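Chains, contacts and geometry: an overview
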Amino acid sequence: MAKKTYDLLFKLLLIGDSGVGKTCVLFRFSDDAFNTTFISTIGIDFKIKTVELQGKKIKLQIWDTAGQERFHTITTSYYRGAMGIMLVYDITNGKSFENISKWLRNIDEHANEDVERMLLGNKCDMDDKRVVPKGKGEQIAREHGIRFFETSAKANINIEKAFLTLAEDILRKTPVKEPNSENVDISSGGGVTGWKSKCC
Amino acid sequence: MEEPPLREEEEEEEEDDDEERDEAGPEGALGKSPSRLTAEDVYDISFVVGRELMALGSDPRVTQLQFKIVRVLEMLEALVSEGNLTAEALRMERDSLRKEVEGLRREGPPASREANLGPDKMVVDLTDPNRPRFTLQELRDVLQERNRLKSQLLVAQEELQCYKSGLFPPREVPGGREEKDVLVSRASSAGRNKEEKTIIKKLVCCFREQH
């Protein structure tokens, strides 16, 4: 019997205003590291991280988008393939919070209808510069029926928890595959890619 | 007595070109507006004043007064000359500004038409080394290629890990080699699936070798 490197492939997407820390959040999750220098993401980038949930190896392909307006035509074309979207704002930047509704509209317009959404208020280590109260983040998340975490890529707060929770939420919606099916069609729709054994 | 003889000399010179004063005579200068006064008018005034002082005779008090009057007239002459020079400079500046304005007015319409391309247009400075040069499509292509290469690198790294951990001997290359064109990062699902297939195939091979 063939051993598998992963059971499922989930595609996640990070969106939000420029400078809120999307790349840092991802870098903390994928490499467990943090870099203070700000380098604006050009267009789109991705990272891979395999996690284990409920006995399943899940490969996360996480797309990191540029927040700058000028890249939007490029980044929005990546919404469609995403099974989970993390919308990030910066608790020290009121504008990034105000723009949440704009980003949610973008999701409605460009992403799959059943995409799993999550709201992150990043930089929660900088409480002295906070302008968005935690309650406001919780409120807007409640209004839209999505999960919410305050995170800090720098202080490593809630980063792994957020990604694992999002992956779990996607896993919960994922139809259970027949374990004995010999020919798993990995190009099938529904977004979830799984396989058991396949000859090369 | 210096003024009268000087005056006579000057008057002969001036008589040819200053008709206005000819009609009024030297006394006419006294009736002029101070802002229109010229150095010649001051000389006329000196002539008139000098003539009247002479008529008063050689009383020492008259002589005393005469020195002061000459001094005052010299001061007046200096002020008038300076005023006239300033006025002339201002006139020249005004004329050149007027010309400049006319020039700008003539060039104005085409220049403003060029700058006013419309609400959605942008003017690019071709001498700016950081001017925009590439299209969105070009950037999209470069990013897709970068992400494709990155995914190929990940596959290669995993494969290398297999070799390193001795999962299969170096001469035995796993199958699926024909699918070298690993495609990822395309917004189209076809590209993504192909990439996944390739990765999966390679990984399956990797782990098959193990057993």
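None of the values given here were measured: they were computed from a predicted structure.

This next bit is on the side chain of His72(A). Residues and elements named next belong to chain A. Among the secondary structure elements, His 72 is positioned in helix α2 (residues 72-75). Judged by relative accessible area, His 72 falls into the buried class, the value being 11%. Beyond its immediate sequence surroundings of up to four residues, His 72 is in contact with Ala 66, Gly 67, Lys 102 and Trp 103.

Let's shift gears to unusual backbone geometry. All names here are of chain A. Positive phi outside glycine occurs at Gln 54, with the angle close to 50°. By relative accessible area, Gln 54 is classed as exposed at 60%. Positive phi, close to 65°, is recorded for Asn 158, a residue that is not glycine. Position of Asn 158 relative to the elements: it lies in the loop between β6 (147-150) and α6 (159-173).

Let's shift gears to the UniProt feature "modified residue: Phosphothreonine" in chain A. The UniProt record marks Thr73(A) with the feature "modified residue: Phosphothreonine", using the residue numbering of this structure. With respect to the secondary-structure elements, Thr73(A) resides in helix α2. In this structure, Thr73(A) is in contact with Leu136(B) and Arg140(B), ignoring residues within four places of it in sequence.

Moving on to the environment of Asn35(A). Residue and element names in this part refer to chain A. Mapped onto the elements, Asn 35 comes out in the loop between α1 (22-31) and β2 (44-53). Separated by 118 residues in sequence, Asn 35 and Ala 153 have C-alpha atoms that sit 9.3 Å apart. A distance of 3.0 Å separates the side chain of Asn 35 from the side chain of Thr 37, its partner in a polar contact.

Let us look at the packing of α1(A) against α6(A). Residue and element names in this part refer to chain A. Look at α1 against α6: their axes get within 9 Å of each other, and the N-to-C directions meet at 85°. In terms of axis orientation, α1 runs roughly perpendicular to α6. Packed against α1, whose contacting residues are Val 25, Leu 26, Arg 28 and Phe 29, the element α6 presents Ile 159, Glu 160 and Phe 163 at the interface. A per-class count over the contact of α1 with α6 returns five nonpolar, no polar and two charged.

Moving on, we come to the packing of aromatic side chains. Residue and element names in this part refer to chain A. Evaluation of the coordinates by the stated rule reveals five aromatic pairs over all chains. Consider the rings of Phe 29 and Phe 163, whose centres lie 4.1 Å apart with planes at 10°: the pair is stacked. Residue Phe 29 is found in helix α1, and its partner Phe 163 is found in helix α6; the two are separated by 134 residues along the sequence. The exposure class assigned to Phe 29 is buried, which follows from its relative accessible area of 4%. Ring plane angle 5° and centroid distance 6.4 Å describe the contact between Tyr 89 and Phe 148, whose orientation is recorded as stacked. Taken together, the residues span a long stretch of sequence, with Tyr 89 in strand β4 (residues 84-90) and Phe 148 in strand β6 at a distance of 59 residues. Here Tyr 89 falls in the buried class, since its relative accessible area comes to 0%. Residue classification places Phe 148 among the buried positions, given a relative accessible area of 15%. Following the ring pairs from residue to residue traces out a cluster consisting of Phe 46, Trp 63 and Tyr 78. In this arrangement the basic side chain of Lys 49 is found over the ring face of Phe 29, its NZ or CZ atom lying 5.3 Å from the centre.

Residues and elements named next belong to chain A. Across four bridges, strand β5 (residues 116-122) lies against β6 in parallel orientation. Residue pairing in the sheet places Leu 120 in a bridge with Phe 149 of β6. Considered for its hand, the β-α-β crossover made up of β5, helix α5 (residues 134-143) and β6 is right-handed.

Here we take up the pattern of salt bridges. All names here are of chain B. Applying the stated criterion to the full structure yields 18 salt bridges over all chains. In this structure, Asp 41 engages Lys 32 in a salt bridge whose closest nitrogen and oxygen atoms are separated by 2.7 Å. With relative accessibility at 2%, the residue Asp 41 sits in the buried group. The exposure class of Lys 32 is partly exposed, given its relative accessible area of 28%. For Arg 71, the salt bridge identified is with Glu 74, shortest N-O distance 3.3 Å.

Conventions adopted
Residues numbered from 1 in each chain as written. Chains lettered and ligands numbered in written order. Predicted model: local features only at pLDDT ≥ 70, side-chain atom pairs only at ≥ 80, totals over all residues. Heavy atoms only, no water. Helix = DSSP H or I, 4+ residues; strand = E, 2+ residues; numbered from the N terminus. Buried < 20%, exposed > 50% of the residue type's maximum accessible area, 1.4 Å probe, protein only. Contact = heavy atoms within 4.5 Å. UniProt positions renumbered as here; feature names shortened; annotations may be inferred. Polar contact = N/O pair within 3.5 Å; in protein donor to acceptor, adjacent residues only side chain to side chain. Axes fitted to C-alpha atoms, helices over the stretch in contact; angles between N-to-C directions. Parallel < 35°, antiparallel > 145°, perpendicular 65-115°, else oblique. Nonpolar A, V, L, I, M, F, W, Y, C, P; charged D, E, K, R; others polar. Phe/Tyr/Trp six-rings, centres within 6.5 Å; stacked < 30°, edge-to-face > 60°. Lys NZ or Arg CZ within 6 Å of the ring centre and 35° of its normal. Pairing = 2+ DSSP bridges. Right-handed = clockwise from strand over helix to strand, strands pointing away. Salt bridge = Lys/Arg side-chain N within 4 Å of Asp/Glu carboxyl O.

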